[in-house]
Amino acid sequence: MFSGVKGTQDIIDSRLFDGVIARLVSHVTLYNFSHMQTPILESVSLFKRSIGEHTDVVGKEMFILEQKSSKEQLCLRPEGTAGAMRAFLEHQHALPLPCKTYSYGPMFRYERPQKGRYRQFHHFNIEALGIKNVAYDALFISMLYKTFTDVFLLENFVLEINFLGTAQDRVAFKTALYDFLTAHQTAICQTCQERKETNILRVFDCKIESCQQLYTKAPQLVSYLCQESQAEWDLLRTQLAQLSVSFVHNPRLVRGLDYYNKTVFEFIGFDLGAQSTFCGGGRYDGLAEQLGSKAAVPALGAAIGLERLMMLLEAKKEQFEKVSLPLACIISCAQEQNNTALLLADFLQSHGICIDALVDDESLKAKFKKAERLKATLVLVVGADEQQGNYVTVKNMSSGTQEKISQHELVTFLQKHKS
Ligand code: HAM
């Protein structure tokens with residue numbers, strides 16, 4: 001016997017997953033996002049260039065594939081933004097701007113598995129490319145906020161926002177942060193000491209409580225914004241308030257990926273334990289050029305961690321599960337009626353009725369048991385008499401009542417039962 005690979009999950013019953021996706025798709029479609037799919041396989045260098053070599057995702061968590069011939073190193077994608085931008089740059093001649101897309105599918109990170117943290121998990125990814133004005137940020141964040149409050153009726157979460165400014169703004173900030181860390185060199189952990197030298201903003205990603213405690217006293221990025229960035233940050237907060245989006249400013253929110261600038265945000269669930277962020281995103285105006293584009297493509301996006309969103313919905317999941325059509329099972333009493341059962345099943349399916357045929361050589365009682373386990377609402381019995389008289393005996397599985405329905409009235413009867 002084999003068991004699943006550590007950190008992966010089998011989604012045996014995907015009704016909640018499917019229902020969540022259907023609602024997300026219909027919501028983001030109202031904001032003119034359309035479906036784009038990119039491959040799970042991408043080159044390692046794409047993520048080194050975009051996410052950054054000194055991030056946890058690229059430095060420690062990549063699933064890199066061993067290849068027989070090609071020199072290009074490939075990996076299983078750890079996230080969707082770099083692939084979306086790569087695909088846009090590759091096909092931009094055929095695409096309008098703004099290019100607004102959504103996608104969903106598995107992502108892979110070699111992390112220590114725990115509640116809400118897996119090695120294969122799923123993102124619902126939303127990216128808006130070719131948008132510059134900060135008003136788009138407000139609308140985008142409001143779209144996400146409404147997804148959680150109005151579509152999924154969530155209350156137990158907080159939206160945290162920060163403004164990282166431009167690369168230029170961060171130069172002075174990084175110097176101030178460096179001086180602060182030097183002054184507290186002995187109080188910070190080994191990883192933070194290394195990050196101070198290699199990629200200083202990443203110190204804020206540290207999970208160690210004493211480091212986080214110290215960073216509450218660290219310089220704040222928003223104090224180092226130029227006039228233009230300050231005006232954008234002010235406008236963003238005003239517009240979010242006008243759109244009735246509640247949020248808090250977290251001055252230490254930098255997100256774990258290097259491509260962000262200006263607006264960054266996270267939605268944090270109260271009931272999720274240690275892995276509490278269920279959606280995160282921000283602006284990445286420099287990514288296109290980082291990936292070799294001559295023109296800038298200012299952009300904004302977010303990813304919803306679907307496993308964590310589903311955990312938040314667990315208590316009321318029936319409300320969000322994809323509803324399947326009521327099932328009718330057609331049962332033949334003996335091999336002689338199998339042909340009639342198959343022809344009837346084929347005929348009913350072509351009229352949009354969900355039907356399963358139970359035609360194995362076993363007792364009527366065993367077939368009824370199977371129909372019950374399949375949660376059939378009706379069972380259509382075809383025995384010798386029914387075959388002879390061109391009718392079926394229909395048993396209603398919840399009331400237990402039985403009636404004879406002629407074959408030519410069957411579609412109308414079942415369609416009435418469906419509605
Ligand atoms: P991220 O914050 O790395 O952002 O991932 C987004 C969400 O995926 C997280 O907030 C979390 O809910 C979920 N997630 C991350 N790692 C795991 C894991 N190991 N197991 C389960 N869930 C996980 C990004 O990936 C960016 N690409 C988001 C973005 C899109 N920014 C701009 N556009």
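Bear in mind that the values here come from a model prediction, so they are computed numbers and not experimental data.

**A few points about the sheet that holds strand S15 (residues 391-396)**
As a general point, the strands of a sheet are linked pairwise by backbone hydrogen bonds and lie either parallel or antiparallel.
Inference 1: Strands sit in the order S13-S12-S14-S15-S16 across an open sheet of 5 strands; the sheet is mixed. Both outer strands of the open sheet, strand S13 (355-358) and strand S16 (402-406), are each paired with one neighbouring strand and no more. Pairs of neighbouring strands in the sheet enclose a mean axial angle of 25°, with direction left out of account.
Inference 2: In terms of strand pairing, strand S14 (residues 378-382) meets S15 through 4 bridges, oriented antiparallel. Bridged to Leu380 within S15 is Val394.
Inference 3: Packed onto the sheet, helix H13 (residues 338-349) meets strand S12 (328-332), S13, S14 and S15 and runs at close to 160° relative to S12.

**Observations concerning the site of the ligand**
Inference 1: In the vicinity of the ligand there are 25 residues, among which Glu79, Glu111, His123, Tyr260 and Thr277 approach most closely.
Inference 2: With respect to the ligand, the side chain of His123 contributes an N or O atom lying 2.8 Å from an oxygen atom.
Inference 3: Here an oxygen atom of the ligand and a backbone polar atom of Thr277 are 2.7 Å apart.
Inference 4: Summarising the interface, the protein chains cover 95% of the accessible area of the ligand, which totals 650 Å² for the free molecule.
Inference 5: Of all elements in the fold, only strand S6 (120-129), strand S10 (277-283) and strand S11 (299-305) reach the threshold of two or more residues within the shell around the ligand.
Inference 6: Among the residues forming the shell around the ligand, the class breakdown is 10 nonpolar, 8 polar and 7 charged.

**Section: the pattern of salt bridges**
Inference 1: One pass over the full model with this rule turns up 15 salt bridges.
Inference 2: One salt bridge in this structure joins Arg15 and Asp13, with 2.7 Å as the shortest N-O distance.
Inference 3: Under the relative-accessibility criterion, Arg15 is labelled partly exposed at 36%.
Inference 4: We note a salt bridge from Asp137 to Arg283, for which the minimum N-O separation is 2.9 Å. Separated by 146 residues along the polypeptide, Asp137 in helix H5 (residues 134-151) and Arg283 in strand S10 bring together distant segments of the chain.

**A word on the nonpolar core**
Inference 1: Ranked by internal contacts, the top residues of the largest apolar core, which has 46 residues, are Leu144, Phe148 and Phe267.
Inference 2: With 8 residues, the single largest contributor to this core is H5.
Inference 3: Dropping the residues within four chain positions of it, Phe267 is found in contact with Ile141, Leu144, Tyr145, Phe148, Phe157, Val158, Leu159, Ser276, Thr277, Phe278 and Cys279.

**Quick word on the sheet that holds strand S1 (residues 34-35)**
Inference 1: One open sheet holds the 8 strands; their spatial order is S1-S5-S6-S11-S10-S9-S7-S8, and the pairing between them is mixed. The sheet is open, and its two borders are formed by S1 and strand S8 (248-249), each paired with just one other strand.
Inference 2: Pairing geometry for strand S5 (residues 99-108) and S6, over 10 bridges, is antiparallel. In the sheet register, Ser103 faces S6, and the bridge partner there is Asn125.
Inference 3: Along the sheet, helix H1 (residues 15-29) contacts S5, S6 and S11; its crossing angle with S6, the most-contacted strand, is approximately 5°.
Inference 4: Running at roughly 45° to S6, helix H4 (residues 81-91) makes contact with S5, S6 and S11 of the sheet.

**Things to note about the packing of H5 against helix H9 (residues 227-242)**
Inference 1: Interhelical geometry of H5 versus H9 gives an angle of 35° and a closest axis separation of 9 Å. Crossing geometry of H5 relative to H9 is assigned as right-handed. Note on element contacts: H9 touches H5 through Glu232, Leu235, Leu236, Gln239 and Leu240, opposite Val134, Ala135, Asp137, Ala138 and Ile141.

What counts as what
Residues numbered from 1 in each chain as written. Predicted model: local features only at pLDDT ≥ 70, side-chain atom pairs only at ≥ 80, totals over all residues. Heavy atoms only, no water. Pairing = 2+ DSSP bridges. Helix = DSSP H or I, 4+ residues; strand = E, 2+ residues; numbered from the N terminus. Axes fitted to C-alpha atoms, helices over the stretch in contact; angles between N-to-C directions. Contact = heavy atoms within 4.5 Å. Near = heavy atom within 4 Å. Polar contact = N/O pair within 3.5 Å; in protein donor to acceptor, adjacent residues only side chain to side chain. Areas by Shrake-Rupley, 256 points an atom, 1.4 Å probe, with all protein chains shown as cover. Nonpolar A, V, L, I, M, F, W, Y, C, P; charged D, E, K, R; others polar. Salt bridge = Lys/Arg side-chain N within 4 Å of Asp/Glu carboxyl O. Buried < 20%, exposed > 50% of the residue type's maximum accessible area, 1.4 Å probe, protein only. Core = buried A, V, L, I, M, F, W, Y, C linked by side-chain atoms within 4.5 Å. Left-handed = near helix turned anticlockwise from the far one by under 90°.

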